[in-house]
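Here is how the chains run, residue by residue.
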Amino acid sequence: MPVPNVDPHRRDPAEIDSTASYRPTDPVWVYRSGTWRAGVVEAASALAATVTYRPNSARGTGVDTLTAQYMIRRIEPDPLLDGEPVGLLR
């Protein structure tokens, strides 16, 4: 899936994965500052997930805690966040 083009506030709740379904190192898209950004899950609970993400196209990262509404699973590898291509066994 390329960068999502869905407004997180208009997502169907039935199609949103619970944050409890995410695991550390899962690649995700996170909605921050009005756009979807590549991220990686650091920790997750039933209520929220902590994610490291790229706040812009530069090499820096940000860390934030998000609810499920602002996260979508990511398939495409991100060269600055993913140590190896997504989908390979670790």
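Each residue is numbered by its place in its chain's sequence as written, counting from 1. With the structure being a predicted model, the display of local features is reserved for residues of pLDDT at least 70 and the display and counting of side-chain atom pairs for 80 or more, all residues being used for whole-chain, interface and lining totals. Each side-chain value is worked out from all heavy atoms of the structure, with water and hydrogens disregarded.

Turning next to the sheet that holds strand β5 (residues 71–73). Two strands are said to pair when DSSP picks up at least two bridges between them. Helix and strand definitions follow DSSP, with helices as H or I runs of at least four residues and strands as E runs of at least two, each counted in order from the N terminus. Spatially, β4-β3-β2-β1-β5 is the arrangement adopted by the five strands of the open sheet, whose pairing is antiparallel. Two strands lie at the open edges of the sheet, namely β4 (62–66) and β5, each paired on one side alone. With direction set aside, neighbouring strand axes in the sheet form an average angle of 40°. In this structure, strand β1 (residues 27–32) lies alongside β5, joined through three bridges in antiparallel fashion. Bridge pairing in β5 links Val-30 to Met-71. Axes, fitted as lines to C-alpha atoms, cover a helix only where it is in contact. Angles between the N-to-C directions of the axes lie from 0 to 180 degrees.

One ladder, built from six bridges, connects β1 with strand β2 (residues 35–44); its direction is antiparallel. Residue Arg-32 lies in a different strand from β2, and its bridge partner there is Thr-35. From the end of β1 to the start of β2, which pair antiparallel, there are two residues, and Ser-33 there has a positive phi angle of about 50°. Inspection of the sheet shows β2 paired to strand β3 (residues 49–53) by five bridges, in the antiparallel sense. Each bridged residue has a counterpart across the sheet, and for Ala-44 the counterpart in β3 is Ala-49.

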